[in-house]
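Okay, here's what each chain looks like letter by letter:
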Amino acid sequence: MIVIGLCCLGCTRNESGEAYREALEARKDSLENALKKRHLDHPDSLAQTLAGLRRLGDSTAVAMAYYTSARALQHQQEYTSAIANFRHGLRASEHTGDTALHIHLLHNVGTCYRRMGAMFEASDQLYTALNMAEQYSLRNTEKGKELRSYIYNNLGNVYKYLNNREEAEALFRRALALDKELGNILGMAKNYSTIGNLYEHRNMFDSAYVMYHKALEYDIQAGSQLGIGICHNRLGQLMMHYDSIDAALAHHQKAYELLNDKKYDTWNRLKASLSMAWIYLLKHDLPKAYTLLEETEQEALRVRSFGHLEEVYYCLAEYYRQQGNYRKAFEQQALCLQYRDSIFKQRSEQEVAQNRIRYERRKSEIEINRLNLQHEKVKANRRVILVSSVIVASILMLLLVLSYFFIRLQRRRNRELYEMNATKDKFFSIISHDLKNPAVAQRNALQGLVNNGHLLDENSLSEYYEMLLKSADSQVELLYNLLDWARVQTGRLPYKPSVFELNTTLKSEIELLQIAFTNKDITLTTDFEETYLADGDRNMIATVFRNLLSNAIKFTNKGGKIEVRLKKQQDEIHVSVKDNGIGIPSDKIPHLFKLDREQSTPGTSGETGSGLGLMVCKSFVERNGGTLTVKSVEGRGTTFSFTVRSAHEE
């Protein structure tokens, strides 16, 4: 019976330390190889094996049985079942005293959660595993370094998924340093590949190419078919940036062939098939594209891979657009957005940051406990009682001071997190209304066309088209404002000051809005014939003026007037946009540049907006060292003014 054979592989703790560890690792390897033959991914087989092991009281074998079963389920991408068995294995490993096995189980639970897109749970398990690995008594042995390398790489992938590329690269490089020290070729290949992927996302394509080829060389050297396939996948993606479509297709086809093996999970093969499908769409080879997309959709639905499904439906939307089936394309685009929303809800960088804070706190507590134990030993030595007392007293004082500052820091972090959450909630409450209305208008208009299109005359059709165009314009304006606002909030908007002709820039923006003036029969008066040289970011200033002028048009009645004036005062240029529109109630003016309102006011012709444009304007003006002000009388009109630095003429 296999259970008896497995248990006979054991060794006792009475052996010497190094010999015992080697025997333990050898036993676990033998257990895993024997258990794999039992096909423990089937519940009946697992239950039968566990029953025999429990009768013998072999906790290590029980833990390894759960581990082997969970690994098989993980390979099949049955992540929920795999996590359940890994957790059973964790409970069993608590009775073995095998820290390395416990860390392995935690690491694999984190991997499953990461593959499911649950980054908070993944980081929680991985930081717990890292904490144990760093405190592991054998942390500086080959086994200890190997464990930490795995965890650093996995945590790096969590941060890469959250677009925190700086933290991700730092973790990948830690893993790479350990793998170089160990001579772990597969580990080096994996980390070079992921670092190359980070370079690709930073548009550092030549650096990415070098990293991918380093990874490919090591994978070939190690004979890793999986690693070679992943490298070809990433080289294919990189070739698309160089517009080398045929080279990209060749790489993805090679990856697809290498990864189309049941011994590998389908994760990377799905990436290859999706990339091939997209290239076929670009080549307008629709039958090949559809075959790949249909195959990928079925597999992604089976394994509940939301990321792959988002890409599948995006490609299917393009497929139906090329066929001219716009209704079907719209349905696929809606599915794409639905899965994208599901992925967004699963991402939470703030929650991952909280896990890191807990990890750092645990690390500090362990260090403090270690210091306390050390000083207790010193205190026990009678020959240095007085010295020990002084040291302990000093440390206690230091700990009190550190605790005080730590508590203050924690309170400040909690306050910042609370404010960020409040801002996020208010932000979503605003855009949910403004994103919904244009979409509903488009749907109603399209439904009317579908139901009654054959009954409508030319004028009625024109009204429907105008309704669709207006709702689309509203969505485009909101998306641009959302992009600018998000880049401002995350600090990722580059500031590129230069000296430029302000009046030329303003005239260009006015020309872009000429159709809007014509549609509402608005008279525009300008007063800036003299050349004004400004010192600032030209694109930011243009965005500010365009937003203010668009708002003036929106809230001015047909046949109204708008005045744009420039005036130089000392080292500043004052730009004002004045309209004779509906004005702003005095109680709403203090809230114009904040998120603490429910929704924006519609324009005189029913134009909609989110109100984010004014917040973007304020941020851009202040970034350029200026100020933005507003004066308004309800029913008589509004004047927005901002300042920009004047360039010194040489």
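Residues numbered from 1 in each chain as written. Predicted model: local features only at pLDDT ≥ 70, side-chain atom pairs only at ≥ 80, totals over all residues. Heavy atoms only, no water.

Chemist: Can you walk me through the overall build of the protein chain in this structure?
Modeler: Within the protein chain one finds 24 helices and seven strands. Out of the 650 residues belonging to the protein chain, those deemed buried represent 43%. Intrachain contacts of the protein chain at a sequence separation of at least 6 include 65% that bridge at least 24 residues. Of the accessible surface of the protein chain, which amounts to about 34700 Å², a share of 52% is contributed by carbon and sulfur atoms. (Helix = DSSP H or I, 4+ residues; strand = E, 2+ residues; numbered from the N terminus. Buried < 20%, exposed > 50% of the residue type's maximum accessible area, 1.4 Å probe, protein only. Contact = heavy atoms within 4.5 Å. Areas by Shrake-Rupley, 256 points an atom, 1.4 Å probe, with all protein chains shown as cover.)

Chemist: How do you make sense of the sheet that holds strand β4 (residues 561-569) when you look at a structure like this?
Modeler: Pairing is mixed in the open sheet, where five strands are placed in the order β2-β4-β5-β7-β6. The open sheet is flanked by β2 (523-527) and β6 (628-633), the only strands paired with a single partner. Sheet twist, expressed as the average angle between the axes of neighbouring strands with direction ignored, equals 15°. Across five bridges, β2 lies against β4 in parallel orientation. Within β4, the position partnered with Thr523 by the bridge is Lys561. Sitting on the sheet, helix α23 (residues 538-554) touches β4, β5 (572-579), β6 and β7 (637-645), and the angle it makes with β5 is about 20°. The strands touched by helix α24 (residues 612-623) within the sheet are β6 and β7, with β6 carrying the most contacts at an inclination of about 140°. (Pairing = 2+ DSSP bridges. Axes fitted to C-alpha atoms, helices over the stretch in contact; angles between N-to-C directions.)

Chemist: How should a negative patch on the surface be read in this particular structure?
Modeler: On the surface, a cluster of negative charge is made up of Asp457, Glu458, Glu463 and Glu466. Here Glu463 lies in helix α20 (residues 458-490). (Patch = residues over 30% accessible without salt bridge, like charges linked within 9 Å, V, L, I, M, F, W, Y side chains within 5 Å. Salt bridge = Lys/Arg side-chain N within 4 Å of Asp/Glu carboxyl O. Lys, Arg positive; Asp, Glu negative; His and termini not counted. Charge placed at Lys NZ, Arg CZ, Asp CG, Glu CD.)

Chemist: In this structure, what is going on with the nonpolar core? I would like to understand it.
Modeler: Within soluble globular proteins, side chains that are nonpolar generally end up buried alongside one another. Ranked by size, the top nonpolar core spans 68 residues in total, and within it Phe86, Ile151 and Leu155 carry the most contacts. Of the residues forming this core, the biggest block, nine residues, is contributed by helix α4 (residues 59-75). Apart from residues lying up to four places away in sequence, Phe86 is in contact with Tyr67, Ala70, Arg71, Gln74, Leu105, Asn108, Val109 and Cys112. (Core = buried A, V, L, I, M, F, W, Y, C linked by side-chain atoms within 4.5 Å.)

Chemist: Looking at this structure, I do not really get the side chain of Arg269. What am I missing?
Modeler: As for its position among the elements, Arg269 is in helix α14 (residues 267-282). A relative accessible area of 13% means that Arg269 is categorised as buried. With residues up to four places along the chain from it excluded, the contact list for Arg269 reads Tyr256, Leu259, Asn260, Glu295 and Glu299.

Chemist: I tried to follow the packing of α23 against α24 on my own but got confused; where do I start?
Modeler: For any two helices packed against each other, the geometry comes down to the angle between their axes and how far apart the axes lie. Contact geometry for α23 and α24: axes closest at 9 Å, N-to-C directions at 145°. Every pair of crossing elements has a handedness; the one defined by α23 and α24 is left-handed. For the pair α23 and α24, the contacting residues are Met540, Thr543, Val544, Asn547, Leu548 and Asn551 in the first and Gly613, Leu614, Cys617, Phe620, Val621 and Arg623 in the second. In terms of residue class, the contact of α23 with α24 is built from seven nonpolar, four polar and one charged. (Left-handed = near helix turned anticlockwise from the far one by under 90°. Nonpolar A, V, L, I, M, F, W, Y, C, P; charged D, E, K, R; others polar.)

Chemist: Please explain the confidence of the model for the protein chain as it appears in this structure.
Modeler: Low-confidence regions, as indicated by low pLDDT, have predicted coordinates that should not be scrutinised in detail. For the protein chain, mean pLDDT is 80; residues scoring 70 or higher make up 78% of the total. Within the protein chain, no element has a lower average pLDDT than helix α1 (residues 2-7), which sits at 42, and none a higher one than β7, at 94. Below a pLDDT of 50 lies the segment residues 1-16, which in the model reaches 30 contacts outside its immediate sequence neighbourhood of four places, other chains included. (pLDDT = per-residue confidence, 0-100.)

Chemist: Please clarify how the pattern of salt bridges should be interpreted in this entry.
Modeler: When the charged atoms of two side chains lie near each other, side chains of opposite charge can form a pair. According to the stated counting rule, one finds 14 salt bridges in the structure shown. The salt bridge partner of Arg565 is Glu563, with a shortest N-O separation of 3.4 Å. Owing to a relative accessible area of 36%, Arg565 belongs among the partly exposed residues under this scheme. A cluster of three or more residues bridged by salt bridges with shared partners is formed by Glu169, Arg173 and Arg202.

Chemist: Would you take a moment to explain the side chain of Lys160 for this structure?
Modeler: Position of Lys160 among the secondary structure elements: in helix α8 (residues 142-161). Setting aside residues up to four positions removed in sequence, Lys160 forms contacts with Ala168, Phe172, Asn197, Leu198 and Arg234.

Chemist: What should I look at first to understand the environment of Gly559 in this one?
Modeler: When you line up the elements, Gly559 lands in the loop between α23 and β4. Looking at Gly559, the relative accessible area reads 43%, which means it is partly exposed. Apart from the residues within four sequence positions on either side, Gly559 is in contact with Lys520 and Asp521.

Chemist: Sorry, what's going on with the packing of aromatic side chains here?
Modeler: Here a ring pair, both rings aromatic, is described through the centre-centre distance and the interplanar angle of the planes. Counting across every chain of the model gives seven aromatic pairs. Ring centres of Tyr404 and Phe405 lie 5.4 Å apart, and the angle between their planes is 70°; on these two criteria the pair is classed as edge-to-face. Exposure remark for Tyr404: the relative accessible area of 48% places this residue in the partly exposed category. Linked through ring pairs, Tyr290, Tyr319 and Tyr320 together constitute an aromatic cluster. (Phe/Tyr/Trp six-rings, centres within 6.5 Å; stacked < 30°, edge-to-face > 60°.)

Chemist: So what exactly am I meant to see when it comes to a positive patch on the surface here?
Modeler: The grouping of Arg408, Arg412, Arg413 and Arg415 at the surface amounts to a positive patch. If you trace the backbone, Arg408 turns up in helix α19 (residues 385-452).

Chemist: So what exactly am I meant to see when it comes to α8 here?
Modeler: Along an α-helix, a turn takes 3.6 residues, which lines up residues three or four apart on a common side. Look at α8: 29 Å from first C-alpha to last across 20 residues, which is about the 28 Å you get at 1.5 Å a residue. Summarising burial for α8: 15 of the 20 residues are buried, a large majority. One or two steps after α8, the chain reaches Asn163, where phi turns positive at roughly 65°. (Expected span 1.5 Å × (residues − 1).)

Chemist: Any chance you could explain a nonpolar patch on the surface here in plain terms?
Modeler: A cluster of nonpolar side chains, namely Val401, Tyr404 and Phe405, defines an oily patch on the protein surface of about 310 Å² accessible area. The exposure class of Val401 is partly exposed, given its relative accessible area of 39%.

Chemist: What is the right way to look at the pairing of β4 in this model?
Modeler: In the case of a regular strand, side chains alternate between the two sheet surfaces. Pairing of β4 with β5 involves eight bridges; the strand directions are antiparallel. When the bridges of β5 are listed, Lys568 appears paired with Ile573. Between β4 and β5, which pair antiparallel in sequence order, lie two residues; one of them, Gln570, sits at a positive phi of approximately 55°.

Chemist: Sorry, what's going on with the packing of α4 against helix α5 (residues 79-93) here?
Modeler: Here α4 crosses α5 at 165°, and the two axes come no closer than 8 Å. Relative to α5, α4 is oriented roughly antiparallel. Where α4 crosses over α5, the two elements pack in a sense that is left-handed. For the pair α4 and α5, the contacting residues are Ser59, Val62, Ala63, Tyr66, Tyr67, Ser69, Ala70, Arg71, Leu73 and Gln74 in the first and Tyr79, Ser81, Ala82, Asn85, Phe86, His88, Gly89, Ala92 and Ser93 in the second. (Parallel < 35°, antiparallel > 145°, perpendicular 65-115°, else oblique.)

Chemist: How should the environment of Phe517 be read in this particular structure?
Modeler: Structurally, Phe517 can be placed in helix α22 (residues 514-519). The residues contacting Phe517, other than those within four sequence positions of it, are Ile510, Ile522, Leu524, Leu549, Ile553 and Ile562.

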